[in-house]
2 protein chains.
Amino acid sequence: MLDKVLDHIDAELETSLERLFELLRIDSVSTDPAYSASCARAADWLAAELKQLGFDASVRPTPGHAMVVGHGPQAGSTGPHVLFYGHYDVQPVDPLNLWETPPFEPRMVTRDDGSRMIVGRGAADDKGQLMTFLEACRAWKAVAGELPVQVSVLLEGEEETGSPSLLPFLEANREELSLDLALVCDTTMWNSQTPVITTMLRGMFSTDVVITAADRDLHSGRFGGPARNPIKALASIIGQLHDETGRVTIDGFYDDVRELPDDIKAAWQALGVSEADYLGAIGLTETAGEQDRSLLEQNWARPTCEINGIFGGYTGEGFKTVIPSKASAKVSFRLVADQDPAAIREAFHAFVDDRLPPDCTVEFSSHAENRAIAMPFDSEPLTRAAAALEREWGRAPALLGAGGSIPIVGEFKRMLGMDALLIGFSLADDNVHSPNEKYDLSSFHGGIRSWARIMAALAD
Amino acid sequence: MLDKVLDHIDAELETSLERLFELLRIDSVSTDPAYSASCARAADWLAAELKQLGFDASVRPTPGHAMVVGHGPQAGSTGPHVLFYGHYDVQPVDPLNLWETPPFEPRMVTRDDGSRMIVGRGAADDKGQLMTFLEACRAWKAVAGELPVQVSVLLEGEEETGSPSLLPFLEANREELSLDLALVCDTTMWNSQTPVITTMLRGMFSTDVVITAADRDLHSGRFGGPARNPIKALASIIGQLHDETGRVTIDGFYDDVRELPDDIKAAWQALGVSEADYLGAIGLTETAGEQDRSLLEQNWARPTCEINGIFGGYTGEGFKTVIPSKASAKVSFRLVADQDPAAIREAFHAFVDDRLPPDCTVEFSSHAENRAIAMPFDSEPLTRAAAALEREWGRAPALLGAGGSIPIVGEFKRMLGMDALLIGFSLADDNVHSPNEKYDLSSFHGGIRSWARIMAALAD
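Cut-offs and rules
Along each chain, the written sequence defines residue order, and numbers are assigned to residues from 1. Chain labels run from A onward and ligand labels from 1 onward, assigned in the order the entries are written. Local features in this predicted model are restricted to residues whose pLDDT is 70 or higher, and side-chain atom pairs enter the listing and the counts only when it is 80 or higher, whereas totals over whole chains, interfaces and linings include all residues. Strands are runs of DSSP state E lasting at least two residues, helices are runs of H or I lasting at least four, and both sets are numbered from the N terminus onward. As a reference, a globule follows 2.2 Å times the number of residues to the power 0.38, and the radius of gyration itself is taken over C-alpha atoms. Around each residue's C-beta, the other C-beta atoms within 10 Å are counted; 20 or more make the residue buried, 12 or fewer make it exposed, and counts in between make it partly exposed. All C-beta atoms are placed from the backbone. Throughout, a pair of residues is in contact if the C-beta atoms placed from their backbones lie within 7 Å. By definition, two strands form a pair when at least two bridges between them are found by DSSP. For helices, the fitted line uses only the C-alpha atoms of the stretch in contact; every axis is such a line through C-alpha atoms, and the angle between N-to-C directions lies from 0 to 180 degrees. An automatic or database domain assignment provides the domain bounds reported here. We call Asp, Glu, Lys and Arg charged. Ala, Val, Leu, Ile, Met, Phe, Trp, Tyr, Cys and Pro are nonpolar, and the rest, Gly among them, are polar. pLDDT measures how confident the predictor is about each residue, on a scale from 0 to 100. Small angles under 35 degrees read as roughly parallel and large ones over 145 as roughly antiparallel, with 65 to 115 read as roughly perpendicular and the rest as oblique. Handedness of a helix crossing follows the sense of rotation of the near helix relative to the far helix, less than a right angle counterclockwise being left-handed and clockwise being right-handed. One less than the number of residues in a helix, times 1.5 Å, gives the span that helix is expected to have.

**Description of the overall build of chain A**
Helix and strand counts for chain A stand at 15 helices and 18 strands. For a compact globule of 460 residues, the expected C-alpha radius of gyration is about 23 Å, and chain A comes in at 23 Å, within 12% of that figure. Oriented by its inertia axes, the alpha-carbon framework of chain A measures out at about 80 × 50 × 50 Å. In chain A, which comprises 460 residues, the share counted as buried stands at 55%. Counting only contacts in chain A whose residues sit at least 6 apart along the sequence, the fraction spanning at least 24 positions is 77%.

Right, here's the structure in full:
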């Protein structure tokens, strides 16, 4: 039966693409309220898709963007009842001028070598990825009349804004959503031939920091010298967050960081990632993190502190003689292992408070507070999914960490008691969150086939 | 003879006011093209005034509003040939609803204590001030038949719009306008009893600094840790620009800064400016500049480094997991004494270059490079003008600095080789650039008498 399903997937690839393109045309940018209607449209579109697949599906309102929840019919097998998770919202498109074609007019581009890719905002993150699963379900239904395992689906519209409604939604629907295993398709492959199961995800604490000095903007001639400059204060504090070896200097920051097991360290080392390849692709040559850690450790297994935005004073063309009243930054921490976001938050606040110059006040407002997550390497679903991926791609998947957060995965574990299998087909050069985002056709096609196999493997 | 001139000024005060009111009724707002004809009318009116005083006067067209230039007859004395500068354009009047009476219907208001003030747009800035000088000339001519020194006059109509035509005009008429000494009446008194000569104006070097790391914006999960963050690099460099005592740490920054003479230091101290008054007005309590310098020194006599703007990454609502490719700042230095803007530029570039982390590049683009202006405290015209002011007001003028720049004064020095005496009679509460602008009658009357005395003193 699986072979017939895979044949069907191959035969129907063009219609699968048409459906994906419909979804990509919806500009569901979640960070900007101007796109709220588009987010609602994307949710409606997905609920309709699920209904077509025989799901009991609905759009469920939240204080932010809606959730789409669908429950498939009971399956014949005794395999796990899985909850597939994806997100239909996308990153903002700015800077728009760097896009070669409009971000919400997806198109297929054929490379010189004949390979094809889907270009558009959300192509990889996460519309293209979530559609691999829905298309796999569609193929199973078309060929076998039912899915090999019982499937429920949860699609959110706030992943790119830190999922503010997710936690209350899971809490309010805990019984409905506490199933056996979560499947998440929002990660990458190792390369276009090597699939990956991601077993470690970093958590995050992120916050706005606003420092205020004078109660108004000042003329830098009239007040320059005596007047406190909040940009200076902010820059000075940010400049102290790391020491010269790249280590974060906040008190107790590394207290709950676990050391990576030696065999995993060795396996990662064996992946042969070179700084030249990894950093060369983005115009860099040297790692900037902790200098006594390998590149992959820095990205997957070590916590960071990043400045994601900074703003203050006059930033337009030319020059203005202003000493501003306020300066602000967006600061985030990628967390690992047992680091507690709340403890990191308190330690960061204390770090800033301790360094605040006279006459300055600071306000913080947190965006995200998520713990890191880790899937046990010897779990049954992991073993089965790994075997299915090996059959599809001809090689065993790499068991890796990921530098980013997928907040839902932590909540699945914490609130719903479910482990999650993180299997995605995006590639490193997909320009996720950047202009000219793309998703290789081989990712999309191989992704659909992979999920068809994994569902079968879990049902065995 | 001077006493007779002063008596004449007192006797003719009402007719002096009538002439000022005529000028104030002309709504010569330079920023708004709708008032172009009014600007031309003000220029014509002033040229006619100068002709009445025996000047060879003309309205000289520019690409913007016209200049009025007048040359008085040769004087009997061998004193300096002075160039008086003022401006006939005024600020817009909005918000109009906050004016108690129409801004171009000047009126005399008598306070409860019997003192009087002239209310209307331009009363202080700068029509009332420039008329103090013309009325002093009128009195000298009426009583003595001639002026005590040779006088030329330059009145512009674009001061409130940044004087775009002034530099080309000075350049084109360099020979005609390169006289011995400039007199500028566009500054304030210390208070209504204490005249001021402003002898120091800070210069400026300002520049954009753009630091680039990766060749594109990066996802902070995918690259956070190994990837260089240009905001961190910029913040760290900015954070090192000052030491903990508020001193700028750039090599050689203070090399060409002259120490203020002890008597001037003492005189400034005696002005009794308190941090509570000066900083309290803007919501601050402590000076932020060099901690071993007084507030006024920090503002008038010491150079500064300010960050006037900073920008990088995502700065909108919410949060974006980005490590940006670039981060930028606008940095300016207020300069004093003999500091060379070009040398400061080079020292700053070296400071940044020395601290630039691996894989970062920096671009600079300068906005302004102006030397500070300082009239030597022992210069002959300054000493004579100070004595004249002391005779008029019964106390020695305060010899002050100003934290900002007055571009015209720099150009008089740079292009025409002239020092300038900055003597004005406006008060801090004159509502300059605001609704209900006013000029105290005591400023106008004392100003006319002061210029009459100063002209005599310069001629002795």
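**Focus on the pairing of strand β5 (residues 116-119) of chain B**
All names here are of chain B. Examined bridge by bridge, strand β4 (residues 107-110) and β5 share 4 bridges and lie antiparallel to one another. Its bridge partner being in β5, Thr110 is matched across the sheet by Arg116. In sequence, β4 turns back onto β5 through a hairpin of 5 residues, with Gly114 there showing a positive phi of about 90°. Pairing geometry for β5 and strand β18 (residues 438-440), over 3 bridges, is antiparallel. Residue pairing across strands places Val119 opposite Lys438, the latter belonging to β18.

**Some thoughts on the sheet that holds β18(B)**
Residues and elements named next belong to chain B. Sheet architecture is open: 3 strands sit in the order β4-β5-β18, paired in antiparallel fashion. Of all strands in the sheet, those with a lone pairing partner are β4 and β18, marking the two edges. Direction aside, the axes of adjacent strands within the sheet are offset by 30° on average.

**A short note on the domain arrangement of chain A**
All names here are of chain A. Domain boundaries in chain A define domain 1 (2-201 + 372-459) and domain 2 (203-257 + 303-369). For domain 1 and domain 2, the distance between their C-alpha centroids amounts to 35 Å. A class-by-class count of the residues in the side of domain 1 that touches domain 2 yields 2 nonpolar, 4 polar and no charged.

**Notes on the interface of chain A and chain B**
The partner chain B presents 69 residues to the 75 residues of chain A that form the contact. Here the element with the most residues in the side of chain A that touches chain B is strand β11 (residues 304-313) of chain A; it accounts for 9 residues.

**Focus: the sheet that holds strand β13 (residues 326-335) of chain B**
Consider a sheet: its strands pair through backbone hydrogen bonds, and that pairing is either parallel or antiparallel. What the 8 strands build is an open sheet, ordered β14(A)-β9(A)-β13(A)-β11(A)-β11(B)-β13(B)-β9(B)-β14(B); its pairing is antiparallel. At either end of the open sheet lies a strand with only one pairing partner, and these are β14 (361-370) of chain A together with β14 (361-370) of chain B. Here the average twist between neighbouring strands, direction ignored, is 20°. Direction of pairing for strand β11 (residues 304-313) of chain B relative to β13(B): antiparallel, over a ladder of 8 bridges. What sits directly across from B:Gly309, in β13(B), is B:Lys330. Packing of helix α8 (residues 230-239) of chain A onto the sheet brings it into contact with β9 (203-212), β11 and β13 (326-335) of chain A together with β11 of chain B, and relative to β13(A) it is tilted by some 15°.

**Thoughts on unusual backbone geometry**
Residues and elements named next belong to chain A. Residue Asp94 is joined to Pro95 through a cis peptide bond whose omega torsion reads 0°. Its location among the elements puts Pro95 in the loop between β3 (82-87) and β4 (107-110). Phi angles above zero are rare outside glycine, and His433 is one such case at about 70°. With respect to the helices and strands, the residue His433 is situated in the loop between β17 (420-423) and β18 (438-440). Residue His433 is classed as buried on the basis of its C-beta count, with 24 C-beta atoms lying within 10 Å.

**Some thoughts on the environment of A:Ser366**
Residues and elements named next belong to chain A. Within the fold, Ser366 resides in strand β14. Counting along the chain gives 160 residues from Ser366 to Ser206, while the straight-line C-alpha distance between them is 5.8 Å. Contact partners of Ser366, with chain neighbours within four places excluded, come to Thr207 and Arg345.

**Considerations on the confidence of the model for chain A**
Here chain A shows a mean pLDDT of 94. Residues at 70 or above account for 100%. For this predicted complex, the interface score ipTM comes out at 0.87, alongside a pTM of 0.79.

**Here's the deal with the packing of helix α13 (residues 380-393) of chain A against helix α15 (residues 441-459) of chain A**
Residues and elements named next belong to chain A. It is the contact of α13 with α15, at a shortest axis distance of 9 Å, that shows an interaxial angle of 135°. Regarding the angle of α13 to α15, the classification is oblique. Helix-helix and strand crossings are classified by hand; for α13 and α15 the assignment is right-handed. The segment α13 lies against α15, with Pro381, Arg384, Ala385, Ala387, Ala388, Leu389, Arg391, Glu392 and Trp393 engaging Gly446, Arg449, Ser450, Arg453, Ile454, Ala457 and Leu458. The residue inventory of the contact of α13 with α15, partitioned by class, reads 9 nonpolar, 2 polar and 5 charged.

**Focus on α15(A)**
End to end, α15(A) covers 27 Å across 19 residues, agreeing with the expected 27 Å (1.5 Å per residue, within 8%). The buried fraction of α15(A) is high, at 15 of 19 residues.

**Quick word on the environment of A:Ala266**
Note that A:Ala266 resides in helix α9 (residues 262-270). Once the C-alpha coordinates of A:Ala266 and A:Asp112 are considered, the two residues, 154 residues apart in sequence, prove to be 37 Å apart.

**Brief notes about helix α3 (residues 36-52) of chain A**
Residue and element names in this part refer to chain A. An ideal rise of 1.5 Å per residue puts 24 Å on 17 residues; α3 measures up with 25 Å between its terminal C-alpha atoms. Three or more residues of α3 are buried, namely Ser38, Cys39, Ala42, Ala43, Leu46, Ala47, Glu49 and Leu50. Buried-residue contacts for α3 involve α2 (13-24), β1 (56-60), β2 (67-71), α4 (127-144) and β6 (151-156). Looking at the residues trailing α3, positive phi occurs at Gly54, about 85°.

**A closer look at the environment of A:Gln240**
Residue position: A:Gln240 is located in the loop between α8 and α9. Between the C-alpha atom of A:Gln240 and that of A:Ile250, which follows or precedes it by 10 residues, the distance is 9.1 Å. Discounting chain neighbours no more than four positions away, the residues touching A:Gln240 are A:Thr249, A:Arg355 and B:Gly239.

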